Amino acid sequence: MDIDEVEKLPLYVEWKRRRIRVSSIKRESYFLSNKRTYVELPYYEEVRDVLTKAVAEYGTVDVVLPLWPTIFLKRTVMFVSSIVEGIKLREAKMDSVSLSFFLKSERSLEELHEFAQNSKTYLLFPDVSVLKKNDVIPEERFKNVITKSVNLVKFNYGVVQVKSSWSVKGAISEMVKEINPKKHFMIVVRHSGRSRLANILTTMLVSNFGHRVSLGWMNPVAASQYGHNTVTVSVIPEV
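**Q** What's the story with the sheet that holds strand 10 (residues 213-217) in this structure? I'm lost.
**A** Think of a sheet as strands paired side by side through backbone hydrogen bonds, with each pair either parallel or antiparallel. Strand order in this open sheet of 6 strands is 8-7-6-11-9-10, and the pairing throughout is mixed. What marks the edges here is a single partner per strand, and that holds for strand 8 (159-165) and strand 10. Each adjacent strand pair in this sheet contributes to an overall mean axis angle of 15°, direction not counted. Two elements, strand 9 (residues 185-191) and strand 11 (residues 231-237), share 7 bridges in a ladder whose sense is antiparallel. Note on strand 11: the bridge partner recorded for Val188 is Ser234. With respect to the sheet, helix 7 (residues 168-178) is in contact with strand 6 (120-124), strand 7 (150-156), strand 8 and strand 11, its orientation differing from that of strand 7 by roughly 20°.

**Q** Help me out: how do you make sense of the nonpolar core in this one?
**A** Nonpolar side chains tend toward joint burial in soluble globular proteins. Leu9, Val47, Leu51, Val63, Val77, Val80 and Ile87 are the most contacted members of the largest nonpolar core, which totals 21 residues. Element by element, the count of residues in this core is highest for helix 2 (residues 44-58), at 5 residues. If near-sequence neighbours (up to four positions away) are discounted, Val77 is found in contact with Leu9, Val47, Leu51, Val63 and Leu89. One finds Tyr122, Ala171, Val189 and Leu201 within the second-largest nonpolar core, a separate group that totals 20 residues.

About the criteria used
- Numbers given for residues are sequential positions, taken from 1 along each chain in its written order.
- Where totals are concerned, whole chains, interfaces and linings use all residues; where local detail is concerned, this predicted model gives features only for residues with pLDDT of at least 70, and gives and counts side-chain atom pairs only at 80 or more.
- Hydrogens and waters are ignored; side-chain quantities use all the structure's heavy atoms.
- Note: two strands are recorded as paired if DSSP finds a minimum of 2 bridges between them.
- Runs of H or I in DSSP of at least four residues are treated as helices and runs of E of at least two as strands, each being numbered from the N terminus.
- All axes are obtained by fitting lines to C-alpha atoms, using only the stretch in contact for helices, and the reported angles, taken between N-to-C directions, cover 0 to 180 degrees.
- Contact definition: two residues touch when any of their heavy atoms are within 4.5 Å.
- Definition used in this section: a nonpolar core is a set of buried Ala, Val, Leu, Ile, Met, Phe, Trp, Tyr and Cys residues joined via side-chain atoms within 4.5 Å.
- Between buried and exposed lies partly exposed: a residue is buried under 20% and exposed over 50% of the maximum accessible area for its type, with that area taken using a 1.4 Å probe on protein chains only.

Put into structure tokens, the structure is as follows:
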């Protein structure tokens, strides 16, 4: 997650045949130098050591995991919590971008589910084969995917929806149509290698809604899970 104030569990990507900690990767060079990257799970011992140290320091520890794209950490955390007392696992039914903004807002974790219910994320131009390989889209949803069109994937409180359009303009229009202009929210645009399109999209969103818009590089783990040359648009309550 893109936040400095919380301690992160170790995550890696295989990059240039090396196992590199995600937090040490410079976003721009990461995306421009090498498109073929893979998420590497942390060793069990690493997760155990981080959580054991945290429990010893604070007494109790909350581990908050986003639903996309790091749900694969759930089993490891659950196993560690079964043998180390003081660990509570919380699953946030939102992506890592929305969760980052929630944690930065310093809201109580009791508000986590309400925040998730009012958040949604759209994924534009996904690599369908990558999504299937990484279990981002459930198998039953693939019957709605038309691979030669522009697919728009919507994540909303644990539910995945796939909509197809024959043009980029149509896919973006579908997304904009679903955003309620009467609600107070902010829009977070993240991209992996589509900077020109992301800039155009951001300008259009500001023109349509006039809300705060954040633009930046996609988290390396998310890019590896979703596939490169993709754009995510997260609509979240104002923080």
